[in-house]
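Given next are the chains, with one letter for each unit.
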Amino acid sequence: MEVPITGFMVHSDDGSGHSHSLFITSWDGRPVRMHVHPFAGETSVDVGHYHRYAGKTDPDPSGVQHVHNYYVETTVDDQHAHVIRGTTGPAVPLPGGGHYHLFEGYTTVNGRIPHAHRYQGKTGNEAAY
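Owing to the predicted nature of the structure, the values given are computational and were not obtained by experimental measurement. (Residues numbered from 1 in each chain as written. Predicted model: local features only at pLDDT ≥ 70, side-chain atom pairs only at ≥ 80, totals over all residues. Heavy atoms only, no water.)

Q: Which residues make up the overall build of the protein chain, and what are the values?
A: Along its length, the protein chain carries 0 helices and 14 strands. Of the regular secondary structure in the protein chain, the N- to C-terminal order runs β-β-β-β-β-β-β-β-β-β-β-β-β-β. Within the span of the protein chain, comprising 129 residues, buried residues form 28% of the whole. Here the protein chain has roughly 8,100 Å² of accessible surface; of this, 55% comes from carbon and sulfur atoms. (Helix = DSSP H or I, 4+ residues; strand = E, 2+ residues; numbered from the N terminus. Buried < 20%, exposed > 50% of the residue type's maximum accessible area, 1.4 Å probe, protein only. Areas by Shrake-Rupley, 256 points an atom, 1.4 Å probe, with all protein chains shown as cover.)

Below, the structure is given as structure tokens:
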């Protein structure tokens, strides 16, 4: 089965390497709407403290199977912060419509005593972008 797709590709070379991004504008003749998800949580307790985080995923198309990239800096606790970065799992449908994504990983290493924290959660429902 072939599904007609239209879109455009963007070339990028920010000095760290050559890359391309594909942006889909229609799927099977229907315009593609972009959306984001809010996400928030608390990290694990390590070296006597934890951090909070909150942000929004990068936009991705609605109506097709997809994942989202995310990036956020944690709160400053114990005189330092960490970066949380990754890619969500695939969309998980909600009974009343919409969907969410699971995410998990480890923060960057930082602190007077170098360490990382574990984080995990699920995004909120999608929001049109």
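That shown, we press on.
Q: Which residues make up unusual backbone geometry, and what values do they have?
A: Not every positive phi belongs to a glycine, and Val-47 is a case in point at roughly 50°. You can see Val-47 is positioned in the loop between strand 5 (38-42) and strand 6 (52-56). Of the residues examined, Val-47 reaches a relative accessible area of 41% and is grouped as partly exposed. A positive phi is found at Asp-78, a non-glycine position, where the angle reads about 55°. Mapped onto the secondary structure, Asp-78 falls in the loop between strand 8 (69-73) and strand 9 (83-87).

Q: I'd like a rundown of the sheet that holds strand 4 (residues 34-36), residues and numbers included.
A: Ordered by their spatial adjacency, 3 strands build an open sheet running 7-4-14, and the pairing between neighbours is antiparallel. Among the strands making up the open sheet, the edge pair consists of strand 7 (60-61) and strand 14 (127-128). With 2 bridges connecting them, strand 4 and strand 14 associate as antiparallel partners. By the bridge assignment for strand 14, His-35 is matched with Ala-128. (Pairing = 2+ DSSP bridges.)

Q: Outline the nonpolar core, listing residues and values.
A: Membership of the largest hydrophobic core is limited to 7 residues, which are Phe-39, Tyr-53, Tyr-70, Val-72, Ile-84, Phe-103 and Tyr-119. Not counting residues within four places of it along the chain, the set of residues in contact with Phe-103 comprises Phe-39, Tyr-53, Tyr-70, Thr-88, Tyr-119, Gln-120, Gly-121, Lys-122 and Thr-123. (Core = buried A, V, L, I, M, F, W, Y, C linked by side-chain atoms within 4.5 Å. Contact = heavy atoms within 4.5 Å.)

Q: Help me get a handle on the pattern of salt bridges, residues and values and all.
A: Enumeration over the complete set of coordinates arrives at 3 salt bridges. In this structure, Arg-112 engages Asp-78 in a salt bridge whose closest nitrogen and oxygen atoms are separated by 2.7 Å. Of this pair, Arg-112 sits in the loop between strand 12 (102-106) and strand 13 (118-122) while Asp-78 sits in the loop between strand 8 and strand 9, placing them 34 residues apart in sequence. (Salt bridge = Lys/Arg side-chain N within 4 Å of Asp/Glu carboxyl O.)

Q: Describe the side chain of His-35, with residues and values.
A: With respect to the helices and strands, the residue His-35 is situated in strand 4. The exposure class of His-35 is buried, given its relative accessible area of 0%. Within the local environment of His-35, its side chain forms a polar contact with the side chain of His-66, the two groups lying 3.2 Å apart. A distance of 3.2 Å separates polar atoms of two side chains, one belonging to His-35 and the other to His-99. (Polar contact = N/O pair within 3.5 Å; in protein donor to acceptor, adjacent residues only side chain to side chain.)

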